[in-house]
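Structural overview for review
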Amino acid sequence: MNEYEDKSKGDEAEAPGRLKGDIRALFAFDIPVPAEADERVLSLAKARMRRARVRRVIVRWATATAAAAAVIIGVLVLPSWRESGENQPAVASATREDIDGNGQVDILDAFALARGIEASTVEAATGDMNRDGAVNQADVDIVAMTAVSLDRGVM
Ligand SMILES: [Ca+2]
Ligand SMILES: [Ca+2]
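Residues numbered from 1 in each chain as written. Chains lettered and ligands numbered in written order. Predicted model: local features only at pLDDT ≥ 70, side-chain atom pairs only at ≥ 80, totals over all residues.

1. Examining the overall build of the chain
Each helix and strand counted, the chain has five helices and zero strands in total. Each helix and strand of the chain, placed in order from N terminus to C terminus, yields the pattern α-α-α-α-α. Taking all 155 residues of the chain together, 13% fall into the buried category. For the chain, long-range pairs separated by at least 24 residues make up 35% of all intrachain contacts whose partners lie at least 6 apart in sequence. (Helix = DSSP H or I, 4+ residues; strand = E, 2+ residues; numbered from the N terminus. Buried ≥ 20, exposed ≤ 12 C-beta atoms within 10 Å, placed from the backbone. Contact = placed C-beta atoms within 7 Å.)

Encoded structure:
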């Protein structure tokens, strides 16, 4: 039996006292570190943490800016682009179903005709789509069906 052998027999083995002392001596550092070196290491670590913090702020700011840009594009730019007619079906502006006269037949024309009927401001010459002599819901339905069928033709 040499001096490093474990003499304990229980489940919790424990290193003998001399082995513990030898291990401690092996890993004990007694190297003097100048205070300037300590300060330099500390300041380098702080500078590195500051740069990492700035990077995180920049990433968060860029993410928020991208999200805001997406919202702005979705809310402001896309509707005006749609209204510009670039992706609207080419419909003859002289169609009777174009109630508001903007050159396109869409569901807003049906809505405008329905409002006109409700306010009794539509004349038979402009609102009587089926030419039955009356301006009523049947004419609104014709305008709505025209708008829907034109939308389907685009897709
Ligand atoms: Ca129209
Ligand atoms: Ca009619």
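2. Concerning the confidence of the model for the chain
Residues with a pLDDT of 70 or more make up 80% of the chain, whose mean pLDDT is 82. Per-element confidence in the chain is highest for helix α3 (residues 107–118), whose mean pLDDT is 94, and lowest for helix α5 (residues 137–154), whose mean pLDDT is 84. (pLDDT = per-residue confidence, 0-100.)

3. Details of unusual backbone geometry
With a phi close to 55°, serine 120 is a non-glycine residue in the positive phi region. Within the element layout of this structure, serine 120 appears in the loop between α3 and α4 (124–127). Of note, the phi angle at arginine 131 is positive, near 55°, even though the residue is not glycine.

4. With respect to α3
Since the α-helix packs 3.6 residues into each turn, any two residues three or four apart lie on the same face. Here α3 is 12 residues long and its end C-alpha atoms lie 17 Å apart, about the 16 Å a rise of 1.5 Å per residue gives. Three or more residues of α3 are buried, namely Asp109, Ala110, Leu113 and Ala114. For α3, the buried positions fall inside an angular range of 140° around the axis, keeping them on one side. At the exit of α3 stands serine 120, carrying a positive phi of roughly 55°. (Expected span 1.5 Å × (residues − 1). Arc of directions from axis to C-beta.)

5. Examining the environment of serine 120
In this structure serine 120 comes out as exposed when scored by C-beta crowding, with 7 C-beta atoms within 10 Å. Taking the C-alpha atoms as reference, serine 120 lies 9.4 Å from valine 135; in sequence the two are 15 residues apart.

6. A closer look at the nonpolar core
Ranked by size, the top nonpolar core spans 12 residues in total: Ile99, Val105, Ala110, Leu113, Ala114, Val122, Met129, Val135, Val140, Val143, Ala144 and Ala147. Of all elements in the fold, only α3 and α5 reach the threshold of two or more residues within this core. When residues in this core are grouped by element, the largest group, four residues, is from α5. (Core = buried A, V, L, I, M, F, W, Y, C linked by C-beta atoms within 7 Å.)

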